[in-house]
Amino acid sequence: MIKSELVLKLSEMNPHLYQRDVEILVNAILDEITDALRRGDRVELRGFGTFSIKERDARQGRNPRTGEKVSVTGKVVPYFKSGKEMRDRLNPKAGAARKS
Amino acid sequence: MAGQTITRADLCEAVYQKLGLSRAESSDLVEAVLREISDTLAKGETVKLSSFGSFVVRQKGERIGRNPKTGVEVPITPRRVLVFKPSNVMKARINGQIVDDED
(Lines give C-alpha, C1' and ligand atoms only; values in the text may rest on other atoms or scores of the structure.)
Protein backbone atom coordinates (compact mmCIF):
# COMPACT_ATOMS: atom_id res chain seq x y z
CA MET A 1 0.00 0.00 0.00
CA ILE A 2 1.32 3.45 -0.87
CA LYS A 3 0.33 6.84 0.51
CA SER A 4 -2.18 7.62 -2.24
CA GLU A 5 -3.92 4.28 -1.68
CA LEU A 6 -4.08 4.99 2.04
CA VAL A 7 -5.63 8.40 1.32
CA LEU A 8 -8.15 6.84 -1.06
CA LYS A 9 -9.18 4.20 1.44
CA LEU A 10 -9.63 6.76 4.23
CA SER A 11 -11.60 9.01 1.87
CA GLU A 12 -13.99 6.17 1.12
CA MET A 13 -14.46 5.60 4.84
CA ASN A 14 -15.09 9.33 5.40
CA PRO A 15 -17.28 10.48 2.50
CA HIS A 16 -17.98 13.81 4.22
CA LEU A 17 -14.32 14.85 3.80
CA TYR A 18 -12.62 16.10 0.68
CA GLN A 19 -9.88 13.78 -0.50
CA ARG A 20 -7.59 16.80 -0.32
CA ASP A 21 -8.32 17.11 3.40
CA VAL A 22 -7.52 13.44 3.95
CA GLU A 23 -4.20 14.06 2.24
CA ILE A 24 -3.55 16.99 4.59
CA LEU A 25 -4.49 14.73 7.51
CA VAL A 26 -2.03 12.00 6.59
CA ASN A 27 0.76 14.49 5.86
CA ALA A 28 0.10 16.36 9.12
CA ILE A 29 0.64 13.13 11.07
CA LEU A 30 3.80 12.17 9.19
CA ASP A 31 5.25 15.70 9.37
CA GLU A 32 4.55 15.87 13.10
CA ILE A 33 6.51 12.64 13.61
CA THR A 34 9.42 13.84 11.45
CA ASP A 35 9.52 17.24 13.21
CA ALA A 36 9.57 15.57 16.61
CA LEU A 37 12.53 13.41 15.58
CA ARG A 38 14.34 16.45 14.18
CA ARG A 39 14.02 18.10 17.60
CA GLY A 40 15.40 14.97 19.23
CA ASP A 41 12.05 13.94 20.72
CA ARG A 42 10.59 10.47 20.58
CA VAL A 43 7.12 9.58 19.33
CA GLU A 44 5.27 6.89 21.22
CA LEU A 45 2.13 5.49 19.61
CA ARG A 46 0.71 2.80 21.86
CA GLY A 47 -0.31 -0.32 20.01
CA PHE A 48 1.69 0.69 16.95
CA GLY A 49 5.24 1.48 17.92
CA THR A 50 7.79 4.08 18.96
CA PHE A 51 9.93 6.31 16.77
CA SER A 52 13.19 7.60 18.19
CA ILE A 53 16.60 8.66 16.96
CA LYS A 54 20.05 7.23 17.29
CA GLU A 55 23.19 9.29 16.95
CA ARG A 56 26.02 7.98 14.83
CA ASP A 57 29.54 9.31 15.48
CA ALA A 58 31.76 10.57 12.71
CA ARG A 59 34.01 7.80 11.47
CA GLN A 60 36.71 6.95 9.01
CA GLY A 61 35.11 4.97 6.18
CA ARG A 62 36.42 3.49 3.01
CA ASN A 63 35.20 3.64 -0.55
CA PRO A 64 34.47 -0.05 -1.08
CA ARG A 65 35.38 0.13 -4.75
CA THR A 66 38.69 1.94 -4.55
CA GLY A 67 39.64 1.23 -0.95
CA GLU A 68 40.28 4.94 -0.54
CA LYS A 69 39.80 6.41 2.94
CA VAL A 70 36.95 8.88 3.33
CA SER A 71 35.69 10.64 6.43
CA VAL A 72 32.03 10.10 7.21
CA THR A 73 30.39 12.87 9.24
CA GLY A 74 28.37 12.14 12.36
CA LYS A 75 24.63 11.96 11.82
CA VAL A 76 21.28 11.19 13.35
CA VAL A 77 19.29 8.21 12.11
CA PRO A 78 15.62 7.49 12.73
CA TYR A 79 14.74 4.25 14.52
CA PHE A 80 11.40 2.47 14.92
CA LYS A 81 10.50 -0.25 17.37
CA SER A 82 7.17 -1.96 16.90
CA GLY A 83 4.75 -1.97 19.83
CA LYS A 84 3.63 -5.06 21.69
CA GLU A 85 0.15 -5.09 20.23
CA MET A 86 1.54 -4.81 16.72
CA ARG A 87 4.00 -7.66 17.33
CA ASP A 88 1.18 -9.81 18.72
CA ARG A 89 -0.95 -9.09 15.68
CA LEU A 90 1.89 -10.16 13.39
CA ASN A 91 2.35 -13.39 15.38
CA PRO A 92 -1.05 -14.59 16.48
CA LYS A 93 -1.34 -17.59 18.79
CA ALA A 94 2.41 -17.59 19.47
CA GLY A 95 1.45 -16.81 23.06
CA ALA A 96 2.78 -19.90 24.80
CA ALA A 97 6.23 -19.90 23.25
CA ARG A 98 7.13 -16.25 23.44
CA LYS A 99 9.04 -14.32 26.02
CA SER A 100 9.36 -10.66 25.12
CA MET B 1 18.44 17.92 22.39
CA ALA B 2 15.03 18.09 24.02
CA GLY B 3 14.04 14.50 24.69
CA GLN B 4 10.31 14.94 25.09
CA THR B 5 7.81 12.25 24.21
CA ILE B 6 5.20 12.97 21.56
CA THR B 7 1.98 10.97 21.74
CA ARG B 8 -1.34 10.59 19.94
CA ALA B 9 -2.61 13.71 21.71
CA ASP B 10 0.08 15.80 19.97
CA LEU B 11 -0.75 14.31 16.59
CA CYS B 12 -4.44 15.07 17.17
CA GLU B 13 -3.57 18.65 18.07
CA ALA B 14 -1.55 19.03 14.84
CA VAL B 15 -4.45 17.68 12.78
CA TYR B 16 -6.90 19.89 14.65
CA GLN B 17 -4.75 22.97 13.86
CA LYS B 18 -4.36 22.07 10.18
CA LEU B 19 -7.86 20.90 9.29
CA GLY B 20 -10.09 22.84 11.65
CA LEU B 21 -12.37 19.90 12.36
CA SER B 22 -13.56 19.26 15.92
CA ARG B 23 -11.08 17.81 18.38
CA ALA B 24 -13.16 14.66 18.67
CA GLU B 25 -13.15 14.12 14.94
CA SER B 26 -9.45 14.96 14.65
CA SER B 27 -8.71 12.30 17.20
CA ASP B 28 -10.93 9.74 15.43
CA LEU B 29 -9.15 10.45 12.16
CA VAL B 30 -5.67 10.03 13.65
CA GLU B 31 -6.86 6.70 15.03
CA ALA B 32 -8.28 5.71 11.64
CA VAL B 33 -4.96 6.42 9.91
CA LEU B 34 -2.99 4.34 12.40
CA ARG B 35 -5.55 1.54 12.28
CA GLU B 36 -5.48 1.41 8.49
CA ILE B 37 -1.67 1.19 8.49
CA SER B 38 -1.67 -1.48 11.22
CA ASP B 39 -4.38 -3.55 9.52
CA THR B 40 -2.44 -3.53 6.25
CA LEU B 41 0.77 -4.61 8.00
CA ALA B 42 -1.06 -7.31 9.94
CA LYS B 43 -1.99 -8.82 6.57
CA GLY B 44 1.72 -8.92 5.77
CA GLU B 45 1.51 -6.13 3.22
CA THR B 46 4.17 -3.38 2.95
CA VAL B 47 3.15 0.24 3.56
CA LYS B 48 5.16 2.83 1.62
CA LEU B 49 4.73 6.45 2.61
CA SER B 50 6.64 8.69 0.22
CA SER B 51 9.02 11.22 1.77
CA PHE B 52 8.54 9.42 5.11
CA GLY B 53 9.54 5.77 4.80
CA SER B 54 8.33 2.19 4.38
CA PHE B 55 7.06 -0.32 6.89
CA VAL B 56 7.93 -3.86 5.84
CA VAL B 57 6.93 -7.17 7.42
CA ARG B 58 9.81 -9.65 7.39
CA GLN B 59 9.57 -13.38 7.98
CA LYS B 60 12.27 -14.73 10.29
CA GLY B 61 13.17 -18.39 10.38
CA GLU B 62 13.80 -20.43 13.50
CA ARG B 63 17.20 -19.88 15.11
CA ILE B 64 18.97 -20.85 18.28
CA GLY B 65 19.20 -18.19 20.93
CA ARG B 66 20.70 -18.21 24.37
CA ASN B 67 19.30 -17.02 27.66
CA PRO B 68 21.85 -14.32 28.46
CA LYS B 69 21.47 -14.90 32.18
CA THR B 70 21.78 -18.68 32.36
CA GLY B 71 23.55 -19.42 29.08
CA VAL B 72 20.98 -22.09 28.26
CA GLU B 73 20.31 -22.52 24.55
CA VAL B 74 16.70 -22.11 23.52
CA PRO B 75 15.12 -22.24 20.06
CA ILE B 76 13.63 -18.93 18.90
CA THR B 77 10.43 -19.68 17.04
CA PRO B 78 9.93 -18.45 13.45
CA ARG B 79 8.11 -15.14 13.50
CA ARG B 80 7.15 -12.06 11.56
CA VAL B 81 8.80 -8.78 12.47
CA LEU B 82 8.02 -5.22 11.45
CA VAL B 83 10.88 -3.07 10.22
CA PHE B 84 10.81 0.61 9.31
CA LYS B 85 13.04 1.87 6.53
CA PRO B 86 13.25 5.66 6.63
CA SER B 87 13.23 7.48 3.29
CA ASN B 88 16.16 9.63 2.22
CA VAL B 89 13.93 12.68 2.59
CA MET B 90 13.24 11.85 6.23
CA LYS B 91 16.90 11.11 6.96
CA ALA B 92 17.91 14.45 5.46
CA ARG B 93 15.22 16.34 7.38
CA ILE B 94 16.22 14.83 10.68
CA ASN B 95 19.77 15.94 10.03
CA GLY B 96 18.56 19.49 9.52
CA GLN B 97 18.86 19.58 5.75
CA ILE B 98 16.17 21.24 3.72
CA VAL B 99 14.64 19.05 1.07
CA ASP B 100 12.00 19.47 -1.57
CA ASP B 101 9.01 17.26 -1.16
CA GLU B 102 8.67 14.99 -4.11
CA ASP B 103 5.46 13.21 -3.32
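## Brief notes about the pairing of strand 4 (residues 69-72) of chain A
Residues and elements named next belong to chain A.
Turning to step 1, where the next piece is worked out: Pairing of strand 3 (residues 59-62) with strand 4, which is carried by four bridges, proceeds in the antiparallel orientation. The residue of strand 4 that forms the bridge with Gly61 is Val70.
Turning to step 2, where the next piece is worked out: Linking strand 3 to strand 4, which pair antiparallel, is a turn of six residues; within it Gly67 sits at a positive phi near 80°.

## Considering the sheet that holds strand 5 (residues 75-82) of chain A
Turning to step 1, where the next piece is worked out: The four strands lie next to each other as 5(A)-2(A)-1(A)-1(B), forming an open sheet whose pairing is mixed. A single partner strand is all that each edge strand has here, and the edge strands are strand 5 of chain A together with strand 1 (5-6) of chain B.
Turning to step 2, where the next piece is worked out: Bridge count for strand 1 (residues 42-45) of chain A against strand 1 of chain B is two bridges, and the pairing is parallel. Bridge pairing links Arg42 of chain A to Thr5 of chain B in strand 1 of chain B.

## What to know about a positive patch on the surface
Turning to step 1, where the next piece is worked out: Together, Lys54, Arg56, Arg59 and Lys75 of chain A together with Lys85 and Lys91 of chain B make up a positively charged patch on the protein surface.
Turning to step 2, where the next piece is worked out: Its place among the elements puts Arg56 of chain A in strand 2 (residues 49-56).

## Focus: the pairing of strand 4 (residues 63-66) of chain B
For a regular strand, the rule is simple: side chains alternate between the two faces of the sheet.
All names here are of chain B.
Turning to step 1, where the next piece is worked out: In this sheet, strand 5 (residues 73-76) lies alongside strand 4 in antiparallel orientation, the contact comprising four bridges. Across the sheet, Gly65 pairs through a bridge with Val74, a residue of strand 5.
Turning to step 2, where the next piece is worked out: Here strand 4 folds back onto strand 5 in antiparallel fashion, the turn holding six residues, of which Gly71 has a positive phi close to 80°.

## Quick word on the pattern of salt bridges
All names here are of chain A.
Turning to step 1, where the next piece is worked out: One pass over the structure, following the stated rule, counts eleven salt bridges over all chains.
Turning to step 2, where the next piece is worked out: As a salt-bridge pair, Asp35 and Arg38 come within 3.7 Å of each other at their nearest N and O atoms. Of the two residues, Asp35 and Arg38 are both situated in helix 2 (residues 19-38); the distance of three residues between them amounts to about one turn of the helix.
Turning to step 3, where the next piece is worked out: Taking relative accessible area as the criterion, Arg38 reaches 39% and is therefore assigned partly exposed.
Turning to step 4, where the next piece is worked out: Between Arg42 and Glu44 there is a salt bridge whose closest N-O contact spans 3.2 Å.
Turning to step 5, where the next piece is worked out: By relative accessible area, which is 31% here, Arg42 ends up partly exposed.

Conventions and cut-offs
- Residues numbered from 1 in each chain as written.
- Chains lettered and ligands numbered in written order.
- Predicted model: local features only at pLDDT ≥ 70, side-chain atom pairs only at ≥ 80, totals over all residues.
- Heavy atoms only, no water.
- Pairing = 2+ DSSP bridges.
- Helix = DSSP H or I, 4+ residues; strand = E, 2+ residues; numbered from the N terminus.
- Patch = residues over 30% accessible without salt bridge, like charges linked within 9 Å, V, L, I, M, F, W, Y side chains within 5 Å.
- Areas by Shrake-Rupley, 256 points an atom, 1.4 Å probe, with all protein chains shown as cover.
- Salt bridge = Lys/Arg side-chain N within 4 Å of Asp/Glu carboxyl O.
- Lys, Arg positive; Asp, Glu negative; His and termini not counted.
- Charge placed at Lys NZ, Arg CZ, Asp CG, Glu CD.
- Buried < 20%, exposed > 50% of the residue type's maximum accessible area, 1.4 Å probe, protein only.

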